[in-house]
Amino acid sequence: MKAVGKDALERLWFTSNLEKLSSADIIIEAIVESEDVKKKLFLELDKITKSSAILASNTSSISITRLASATSRPHQVIGMHFMNPPPIMKLVEIVRGADTSDETFDATKALAERFGKTVICSRDYAGFVVNRILMPMINEAFFALYTGVATKEDIDAGMRLGTNHPMGPLELADFIGLDVCVSILKVLHAGLGDNKYAPCPILVQYVDAGRLGRKRGIGVYDYRQMLGSVKPSSKL
């Protein structure tokens, strides 16, 4: 296993120069969950990559059709949503835009299966399959916290032990990133037009305060001591 890992690492290279991607057969974008930023990148990639290249997005909620509209090859744009963390999670959610071709879909599905992933397919609706179901649950957990139904610990323990989830919804939100959760919920709210998808006020407040979850050392829970930084004396 170590040899395989070493071999894989030796095949990796890093660059900040998009021109280096000009010969790629498929590019999987995994940048910030912002439609405008992703569209800008797809526009640039469309100009520099070979005409046969597939442009895939790891977006967790944004319309593939709209991302594809920024390119001259909408038939070669597709959603390839990996679950987090990708080395452990088995699922890849493939999303076809309005113009995604069968050839693009078949090649992307085959690639995901070569990675050892299980593939599910979704039409191009806000949130696709996983986040259409997951994010309202996470949001409702925040509403339970916001309205004082229970403590964060009891909410998470209830879902771990009562429904056999590996992580409680608040802990999972911290792992995903609270800012990412808010972004996805806003896409769901705008795309589906139902107020049940509106982000819980306390979730929005945490994001406004910079409490984004594990990546910042603090979200619903405080991870700073675990990460080796000094924890403030005030109770959060």
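Residues numbered from 1 in each chain as written. Predicted model: local features only at pLDDT ≥ 70, side-chain atom pairs only at ≥ 80, totals over all residues. Heavy atoms only, no water.

For helix 5 (residues 130-146), with 17 residues, the first-to-last C-alpha span of 24 Å sits near the 24 Å given by 1.5 Å per residue. Within helix 5 the residues assigned to the buried category are Asn131, Leu134, Met135, Ile138, Asn139, Ala141, Phe142, Ala144 and Leu145. Buried residues belonging to helix 5 abut strand 3 (77-82), helix 6 (152-163), helix 7 (169-176), helix 8 (178-192) and helix 9 (201-208). Among the residues trailing helix 5, Gly148 stands out with phi positive, at a value near 80°. (Helix = DSSP H or I, 4+ residues; strand = E, 2+ residues; numbered from the N terminus. Expected span 1.5 Å × (residues − 1). Buried < 20%, exposed > 50% of the residue type's maximum accessible area, 1.4 Å probe, protein only. Contact = heavy atoms within 4.5 Å.)

It is worth spelling out the UniProt feature "domain: 3-hydroxyacyl-CoA dehydrogenase C-terminal" (unreviewed entry) in the protein chain at this point. Per the UniProt record, "domain: 3-hydroxyacyl-CoA dehydrogenase C-terminal" (unreviewed entry) is found at residues 127-223. Secondary structure within residues 127-223 divides into 62% helix and 0% strand; the distance between the first and last C-alpha atoms comes to 28 Å. (UniProt positions renumbered as here; feature names shortened; annotations may be inferred.)

What follows concerns helix 9. Here helix 9 has its buried residues at Ile202, Leu203 and Tyr206. Seen end-on, helix 9 carries its buried residues on one side only, within an arc spanning 105°. Along helix 9, exposed side chains directed more than 90 degrees from the buried face belong to Gln205 and Asp208. If you follow the buried residues of helix 9, they end up packed against helix 5 and helix 8. Positive phi appears at Gly210, one or two residues downstream of helix 9, with a value of about 85°. (Arc of directions from axis to C-beta.)

Let us now look at the nonpolar core. The nonpolar side chains of a soluble globular protein tend to be buried with one another. In this structure, Met135, Ile138, Phe142, Leu170, Leu203 and Val220 are the most contacted members of the largest nonpolar core, which totals 26 residues. The set of elements that each furnish at least two residues to this core consists of helix 5, helix 7, helix 8 and helix 9. In terms of residue count, helix 5 provides more of this core than any other element does, seven residues in total. Counting 14 residues, the second-largest nonpolar core is a separate cluster that includes Leu45, Ile64, Leu67 and Val95. (Core = buried A, V, L, I, M, F, W, Y, C linked by side-chain atoms within 4.5 Å.)

What follows is about the packing of helix 5 against helix 7. Packing of helix 5 against helix 7 brings their axes to within 9 Å, and their N-to-C directions diverge by 115°. The crossing of helix 5 and helix 7 is left-handed. Contact residues: Leu134, Met135, Met137, Ile138, Ala141, Phe142 and Leu145 in helix 5; Pro169, Leu170, Leu172, Ala173 and Ile176 in helix 7. (Axes fitted to C-alpha atoms, helices over the stretch in contact; angles between N-to-C directions. Left-handed = near helix turned anticlockwise from the far one by under 90°.)

The next subject is the pattern of salt bridges. Scanning the entire structure with this criterion turns up 11 salt bridges. With a closest N to O distance of 2.3 Å, Lys38 and Glu29 form a salt bridge. The exposure classification of Lys38 matches that of Glu29, with both residues buried. Among the salt bridges present, the one from Asp222 reaches Arg224, with a minimum N-O distance of 2.8 Å. Overall, Arg224 belongs to the buried group, its relative accessible area being 19%. By sharing partners, the salt bridges in this structure join Glu29, Glu33 and Lys38 into a single network. (Salt bridge = Lys/Arg side-chain N within 4 Å of Asp/Glu carboxyl O.)

This next bit is on the environment of Leu178. Within the secondary structure layout, Leu178 lies in helix 8. C-alpha of Leu178 to C-alpha of Tyr206: the two residues are 28 residues apart in sequence and 7.6 Å apart in space.

Turning next to the UniProt feature "domain: 3-hydroxyacyl-CoA dehydrogenase NAD binding" (unreviewed entry) in the protein chain. UniProt's entry tags residues 6-124 with the feature "domain: 3-hydroxyacyl-CoA dehydrogenase NAD binding" (unreviewed entry), counted in the numbering of this structure. A helix fraction of 31% and a strand fraction of 21% characterise residues 6-124, whose end C-alpha atoms lie 37 Å from each other.

This brings us to the side chain of Thr71. Among the secondary structure elements, Thr71 is positioned in the loop between helix 3 (64-68) and strand 3. A relative accessible area of 12% places Thr71 in the buried class. A distance of 3.1 Å separates the side chain of Thr71 from the backbone nitrogen of Arg73, its partner in a polar contact. With sequence-adjacent residues up to four places away left out, Thr71 is seen in contact with Phe42, Asp46, Leu55 and Val77. (Polar contact = N/O pair within 3.5 Å; in protein donor to acceptor, adjacent residues only side chain to side chain.)

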